[in-house]
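Spelled out, the chains give:
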Amino acid sequence: MKYQEMIKEILIHIGGEANIESVTHCMTRLRFVLKDDSKADSSAVKNIKGVVGCVNKGGQFQIVIGTHVAEVYEELSGTVGIKNGNTQTKKKFELSQVFDLIAGIFMPIVGALAGSGMVKAILSVCVAANWIDTTSQTYTLLYMISDIVFYYLPFFLAYSAAKKFKINPYVSLIFAGMLVHPTFTGLKSAGEAVSFLGLPVNMATYTSSVIPIILIVAFQAIIEKYVKKFTPNAIKTFFVPMMTILIVAPVGLIVLGPLGAILGGYLSTFFTFLDTKASWIVPTLVGGLAPLLVMTGMHYSLGAAQSVQRATVGYATILAPGMISSNMAQAAATFAVSVKTKNKDLKALASSCAVTAICGITEPALYGVNMKLKRPLYATMLAGGCAGLYAGITGVKAWSAGTSNIFALPIYIGADNSFMNACITVAIALVLGFIFSWVLYKEPVEFEEEKKAEPSSLNKKAEIYAPLKGAVLPLSEVKDDAFSSEALGKGCAIVPVDGEIVSPFDGTVVMLFETKHAVGLTSEDGTEVLIHFGLDTVKLNGEYFTAHVKTGDKVKRGDKLISADLNAIQDKGYDVITPIIITNSNNYLDVVETDQDNADLQTVLLTAIR
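Basis of the calculations
Residues numbered from 1 in each chain as written. Predicted model: local features only at pLDDT ≥ 70, side-chain atom pairs only at ≥ 80, totals over all residues. Heavy atoms only, no water. Helix = DSSP H or I, 4+ residues; strand = E, 2+ residues; numbered from the N terminus. Buried < 20%, exposed > 50% of the residue type's maximum accessible area, 1.4 Å probe, protein only. Contact = heavy atoms within 4.5 Å. Areas by Shrake-Rupley, 256 points an atom, 1.4 Å probe, with all protein chains shown as cover. Salt bridge = Lys/Arg side-chain N within 4 Å of Asp/Glu carboxyl O. Axes fitted to C-alpha atoms, helices over the stretch in contact; angles between N-to-C directions. Parallel < 35°, antiparallel > 145°, perpendicular 65-115°, else oblique. Nonpolar A, V, L, I, M, F, W, Y, C, P; charged D, E, K, R; others polar. Pairing = 2+ DSSP bridges. Phe/Tyr/Trp six-rings, centres within 6.5 Å; stacked < 30°, edge-to-face > 60°. Lys NZ or Arg CZ within 6 Å of the ring centre and 35° of its normal. Expected span 1.5 Å × (residues − 1). Patch = residues over 30% accessible without salt bridge, like charges linked within 9 Å, V, L, I, M, F, W, Y side chains within 5 Å. Left-handed = near helix turned anticlockwise from the far one by under 90°. Bend = angle between axes of the 7 residues up to and from the residue. pLDDT = per-residue confidence, 0-100. Polar contact = N/O pair within 3.5 Å; in protein donor to acceptor, adjacent residues only side chain to side chain.

(A) Focus on the overall build of the protein chain. Within the protein chain, the regular secondary structure consists of 21 helices and 20 strands. When each of the 610 residues of the protein chain is scored for burial, the buried share is 50%. Expressed as a percentage of contacts within the protein chain between residues at least 6 apart in sequence, the contacts between residues at least 24 apart total 70%. Of the accessible surface of the protein chain, which amounts to about 28200 Å², a share of 59% is contributed by carbon and sulfur atoms.

Structural data, given as structure tokens:
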């Protein structure tokens, strides 16, 4: 499913699945016939990662993908149920899609989270080493600065989510402010019942929360797009935001915002019951489910229940043992990624996130690495559950209040063996978190492709001979943006004098399209070439073309590939100019064209320099 995100964005910007009449593909393009072309946003489609160009002509909305278009088309077929050129919506929900959405929203703010987390980690180390006093104003101000991104997380998420849903981010910020405004927090602190439009409002704590603001912005996306659709252009500037605020704000305060808090309240009651009846179960569940609890903000409810427990019996077991198990497992799982990955950017990110996690700040690791990659998250939950199980069986108790990091282990010193067992719990979480993550982690496909794409040697050249005879022209003179812009790669074009196309080197036929108007080849040294006879000749559906090879055939230079009836194709009104493209030209230092005006089959048409 490596093209899933690209397909999702394509569908958004062409007016959705309902706007597709039919779709086919040629050698390089997805060719959509849309019910309403005005719903398609060409400029937005061009900016989608993986799309190299977009052309709307001849009754088709053409999206240039490249030589792997067949794979994209196959995945698109599975997404929207394409059959015989028609579409049938195929709805499928997976939990991983929720993780992908949250990870996608968090990615733009990972830098802020990681940087602030590192400052918090440094402060924790300084406090543990008695280099700084927690009562000093220096500590207070530094902690305030490092805590801003966490405390006001709804603001950051609102803006990022709005960008993800492609709606007005500044209206989204209003809803974030609604959740943490001093007036709202003041009403909560007053402890009195609050109603809005006659309906009760659950006065939850939304600072540092995740799910409530994402739900609200998702609802905003639905309302804003609906209102915009029916609003005259003359009043859109104020009317759309006004109606969006009036509709979304009440639903956010009454339903969407409190949802996590209400679930958290039930969860708190359930965990308190379990702690009374079978205390070892609670650290196991918290250790395993802590990442999900943090995402939903439900850990605040458990923290409240733990405060009541500490005030009643003098120690805490509901949240602390399980949370430190999860945090240490998360740190180890993230560190395993940093050790195992070959991607330099991921290695740097994961290593810094692992440091902040071991100091108790897990958000950068959770949202920046583990949720995105998924397998390290599963390793975290499994290892956290195992460590939590040990803490529960041995009756680990937190005898005083503190954070869940490796420097807070002294809070487990008390009248029993909790400190020693807490240390063992941390060791179990670290060891198992690393092992599970190491075993489960697989390098993402895109990293493997980047590695394969790196040039294996320098200062070598690959020669591509002319595959047909004719006048040589630069790509800029091809009347097709996908070729003339070099979006598909560097090369040149030939205006042929006959219709005989031969292999330009020794290699393999990697793709011969069923309409036989284009062929993709890979040379023995890895040079990938696309020969596309004429422009829009895919519409001939193979008429006037004869193929002499098939996909997978080995060929020698000069072997006949395709024969085309040049005169018949020209009589049909088609431009027969033939682009010859090196589709992996990014792997080369340069691609040099011949200086000859005319080429024959002995002409070195292109020279690719490594």
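Text resumes after the structure shown.
(B) A look at the pattern of salt bridges. This structure, assessed with the given rule, holds seven salt bridges. Two residues, Asp-416 and Lys-397, come together in a salt bridge whose shortest N-O distance is 3.5 Å. On the criterion of sequence distance, the pair formed by Asp-416 in the loop between helix H17 (375-393) and helix H18 (418-440) and Lys-397 in the loop between H17 and H18 is long-range, its members being 19 residues apart. Judged by its relative accessible area of 30%, Asp-416 is partly exposed. A salt bridge links Glu-500 to Lys-560, with the shortest nitrogen-to-oxygen separation between them at 3.5 Å. Here the residue Glu-500 occupies a position in strand S10 (residues 500-502), and Lys-560 occupies one in strand S16 (residues 560-564), the gap between them amounting to 60 residues.

(C) Highlighting the packing of helix H6 (residues 137-151) against helix H7 (residues 153-165). Where H6 contacts H7, the two axes come as close as 5 Å, and the packing angle between them is 50°. Classified by the angle between their axes, H6 and H7 sit oblique to one another. In contact with Ile-148, Val-149, Phe-150 and Tyr-151 of H6, H7 contributes Leu-153, Pro-154 and Phe-156. Classifying every residue of the contact of H6 with H7 by side-chain character gives seven nonpolar, no polar and no charged.

(D) The arrangement of the pairing of strand S9 (residues 490-496) in detail. Among the seven residues in S9, five count as buried, and that is most of the element. Across five bridges, the pairing between strand S8 (residues 470-474) and S9 is antiparallel. Residue Val-472 lies in a different strand from S9, and its bridge partner there is Ile-494. Across five bridges, the pairing between S9 and strand S17 (residues 578-582) is antiparallel. Bridged to Ile-494 within S17 is Thr-578.

(E) Region of interest: the packing of aromatic side chains. Following the criterion strictly, the structure yields nine aromatic pairs and no others. Measuring from ring centre to ring centre gives 5.9 Å for Phe-434 and Trp-438, while their planes differ by 20°; the resulting arrangement is stacked. Of the two residues, Phe-434 and Trp-438 are both situated in helix H18; the distance of four residues between them amounts to about one turn of the helix. Take Trp-438: its relative accessible area is 35%, and that puts it in the partly exposed class. Here the aromatic residues Tyr-151, Tyr-152 and Phe-155 are joined through ring pairs into a cluster of three or more. We note Lys-340 situated over the ring of Trp-438; from NZ or CZ to the ring centre the distance is 5.3 Å. Looking at Arg-557, its charged tip hangs above the ring of Tyr-465, at a distance of 3.8 Å from the centre.

(F) A look at helix H10 (residues 211-230). Taking 1.5 Å per residue as the helical rise, H10 with its 20 residues ought to reach 28 Å, and the 29 Å between its terminal C-alpha atoms agrees with that figure. Inspection of H10 places Pro-212, Ile-213, Ile-214, Ile-216, Val-217, Gln-220, Ala-221, Ile-223, Glu-224 and Val-227 among the buried residues, and these make up the whole buried set.

(G) Up close: a nonpolar patch on the surface. A cluster of nonpolar side chains, contributed by Val-119, Leu-141, Leu-142, Met-144, Ile-145, Ile-148, Tyr-151 and Tyr-152, occupies part of the molecular surface with about 680 Å² of accessible area. The biggest single contributor to the nonpolar patch is H6, with six residues. Structurally, Val-119 is set in helix H5 (residues 110-128). On the basis of relative accessibility, which here comes to 32%, the residue Val-119 falls in the partly exposed class.

(H) Geometry of the sheet that holds strand S15 (residues 554-555). With antiparallel pairing, eight strands are arranged side by side in an open sheet as S15-S11-S12-S13-S17-S9-S8-S19. Two strands close off the open sheet at either side, each with one partner strand: S15 and strand S19 (598-599). Of the pairings in the sheet, the one linking strand S12 (residues 518-523) to strand S13 (residues 528-532) comprises five bridges and is antiparallel in character. The residue of S13 that forms the bridge with Ala-518 is His-532.

(I) Expanded view of the packing of helix H14 (residues 320-340) against H18. For the pair H14 and H18, the least separation of the axes is 7 Å and the interaxial angle reads 35°. Once H14 is placed against H18, the crossing between them reads as right-handed. Contact residues: Ile-324, Ser-325, Met-328, Ala-329, Ala-332, Ala-333, Phe-335, Ala-336, Val-337, Val-339 and Lys-340 in H14; Thr-425, Val-426, Ala-429, Leu-430, Gly-433, Phe-434, Ser-437, Trp-438 and Val-439 in H18. In terms of residue class, the contact of H14 with H18 is made up of 15 nonpolar, four polar and one charged.

(J) Region of the structure containing the environment of Leu-11. Its place among the elements puts Leu-11 in helix H1 (residues 4-13). Along the primary structure Leu-11 and Ala-40 are separated by 29 residues, whereas in three dimensions their C-alpha atoms are 9.2 Å apart.

(K) Region of the structure containing unusual backbone geometry. Despite not being glycine, Lys-166 has its phi angle at roughly 60°, a positive value. Along the chain, the position of Lys-166 falls in the loop between H7 and helix H8 (169-180). The class for Lys-166 is partly exposed, based on a relative accessible area of 37%.

(L) A look at H6. Where H6 bends most, at Ile-145, the angle is about 30°. If you check which residues of H6 are buried, you get Tyr-139, Ser-146, Asp-147, Val-149 and Phe-150.

(M) The confidence of the model for the protein chain, seen in detail. In the predicted model, the protein chain carries a mean pLDDT of 83, and the fraction of residues at 70 or more is 87%. Predicted confidence for residues 83-92 stays below pLDDT 50, and this span has 20 contacts to residues more than four positions away or in other chains.

(N) View of the side chain of Ser-325. Along the chain, Ser-325 falls in helix H14. Of note is the side chain of Ser-325, whose polar atom sits 2.8 Å from the backbone oxygen of Pro-321. Within polar-contact distance, the side chain of Ser-325 engages the backbone nitrogen of Gly-388 at 3.5 Å. Discounting residues that sit within four places of it in the chain, Ser-325 has contacts with Gly-287, Gly-384, Ala-387, Gly-388, Thr-425 and Ala-429.

(O) Up close: the pairing of strand S20 (residues 604-609). Here strand S7 (residues 461-465) pairs with S20 via five bridges, running antiparallel. Directly across from Ala-462, in S20, lies its bridge partner Ala-608. Bridge count between strand S18 (residues 590-593) and S20: four bridges; the pairing is antiparallel. Residue pairing in the sheet places Glu-593 in a bridge with Leu-606 of S20.

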